Amino acid sequence: MNEHRSIVWKETEEALPWIAVARDAPYFVDEDGVPWHPIGQNDAITWPELAPLYRRRDLFAVERHLRWLRAHGVTCLRLMLEYAQGRHRYFEKPVGRFVPAMIQLWDDLFALCERVGLRILLTPLDTFWTWNRWRHHPWNKANGGPLDGMSRALLCMDTRAVLKARLEFAVRRWGGSGALFAWDLWNEIHPANAEDSADCFGEVIHDLSSHVRKLELALYGRTHLQTVSLFGPELEWKPHLPMRDPIFRHPDLDFATIHIYRSRSIDDPRNTVTPAVAMGEIVRECIVETLPGRPFLDTEHGPIHSFKDRRITLPEAFDDEYFRHLAWAHLASGGAGGGMRWPNRSPHVLTPGMRQSQRAMSTFMPLIDWTFFRRRNLNQEVQAKGYHVFASGDRGQAIVWLLRRRSLGLDGRMRGDVEPRSAFVSIPSMAGRFRITEFDTVSGAIIGEHFAACSENTLQFQTGLFSTDRAFAIRTMIDT
């Protein structure tokens, strides 16, 4: 292992609490039992807002940016330890020699996140660009690495050993930090990395998970959460392959995630409603697949086909609404947080309007008692005529987000000039008397509160007037 002289992270009394899964709900809490929600997006060490970390070009600018994110409700960034689009951010070069400038970059980023109060969902390798720029990569056998091609990346045991060494370095150096939310042990585990097979997925996950968990227990006496991501469309394109068990139900993982890129809707949006409906459908399907009590969340979505293949950056106003609709469809359908956008914009950053949406969502979160929210998806069970319904709940709490039907303008956005109207909402399988809080997803403001009692195990209520969409936090009232 190479020598370096940059500061090693050491846990202190002021360290951020580690994140865990709530004991009684499929959501997250910190080690003090305080609910924590992954509100954020994918970022990269070469993209504009974090690029000044490299060789410490401007740490103050990065800290200002991270503080701005926290002020807008952002809690989490999903990052790859190595981003291989270019040839100057390899984590090791040659294989097994960890690059000092990259170690310094991650030292600084973890320290800044700890100071600011942000957390990182960390994955050790960038499978997309590693594949597409393979001839340059240090793992390529032609460059002294162990692997003859990415089509065998999951099968080659020498490559597995190199990845485990990378993970071990990261665990030893940054694994003591509460700024680490979780490990995504393999970014977009894919049949193409196993000669078009998924038979090895379970074994690979067990091997990597055990390696990291045993090391963390030995070093820190506890472990960070673990997951493995999947490019979601593969579940539809290759239903004959055994991918669902390892992704949604693997015994070694703590939460489930896929990357939600449904074709002709989410990946290439022509309006802001169809993608939201697709998000709600996919989250419902995934929650059914996921073990009870295990959180589910999207960790990558966005207009990838529009941006990458059609070379279109969506108009900002359209993209802001598309972003907000997807986030609320994800949350209300039972996902943890609002999902994690891959920017797919030029420049590769989220817009101010998207940050406002994240801040609004963060102000909604205290309206639900997440530590006891044993939700199931209710998108099809909740009724509200004239609206697309996104909902989840248990007998004592529910989240409902209503998106008005037949209100699209010619630009694909919701028309703000339609006459406001109220909705009549019916939620089955609830009991008691409830406080219903109406919430504006644009401004992040509470619009009002009212109360309703169940009749025959069904909660029914009339909403206030609204034009396009509205969210509702519904909680039982405890008699005192």
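Residues numbered from 1 in each chain as written. Predicted model: local features only at pLDDT ≥ 70, side-chain atom pairs only at ≥ 80, totals over all residues. Heavy atoms only, no water.

Draft legend 1. How the structure looks around the side chain of His325. Inspection of the secondary structure puts His325 in helix α10 (residues 316-332). The buried category is assigned to His325, whose relative accessible area is 1%. Of note is the side chain of His325, whose polar atom sits 2.8 Å from the backbone oxygen of Thr272. (Helix = DSSP H or I, 4+ residues; strand = E, 2+ residues; numbered from the N terminus. Buried < 20%, exposed > 50% of the residue type's maximum accessible area, 1.4 Å probe, protein only. Polar contact = N/O pair within 3.5 Å; in protein donor to acceptor, adjacent residues only side chain to side chain.)

Draft legend 2. How the structure looks around the pairing of strand β17 (residues 445-453). As paired elements, strand β16 (residues 433-440) and β17 share 8 bridges and run antiparallel to each other. Along β17, the bridge assignment pairs Arg435 with Phe451. Adjacent in sequence and paired antiparallel, β16 and β17 are bridged by 4 residues, among which Gly444 carries a positive phi angle near 75°. (Pairing = 2+ DSSP bridges.)

Draft legend 3. Just the nonpolar core, in detail. Core analysis: the largest hydrophobic core is formed by 130 residues, its most contacted members being Leu66, Trp106, Phe181, Ile258 and Phe364. Counting residues per element, this core draws most heavily on helix α2 (residues 100-116), at 10 residues. Grouped together as the second largest cluster of nonpolar side chains are 21 residues, Tyr387, Ala391, Phe434 and Phe461 included. (Core = buried A, V, L, I, M, F, W, Y, C linked by side-chain atoms within 4.5 Å.)

Draft legend 4. Inspection of the sheet that holds β17 at higher detail. Within the open sheet, the 6 strands sit side by side as β12-β13-β14-β19-β16-β17. Their pairing is antiparallel. The open sheet has two edge strands, β12 (376-377) and β17, and neither has a second partner.

Draft legend 5. Molecular detail of the state of the cysteines. Tallying each qualifying case throughout the model produces 0 disulfides. Free cysteine Cys113: the closest other cysteine sulfur is in Cys76, separated by 9.2 Å. Free cysteine: Cys156, not disulfide-bonded; nearest cysteine sulfur from Cys200 at 12 Å. (Disulfide = S-S within 2.5 Å.)

Draft legend 6. Local environment of unusual backbone geometry. The linkage connecting Lys93 with the following residue, Pro94, adopts the cis geometry, with an omega of -5°. Residue Pro347 is reached from Ser346 by a cis peptide bond, and omega for that bond is 0°. Along the chain, the position of Pro347 falls in the loop between β11 (340-341) and α11 (352-364). In this structure, Ser429 is a non-glycine residue whose phi angle is positive, near 60°. Inspection of the secondary structure puts Ser429 in the loop between β15 (424-428) and β16.

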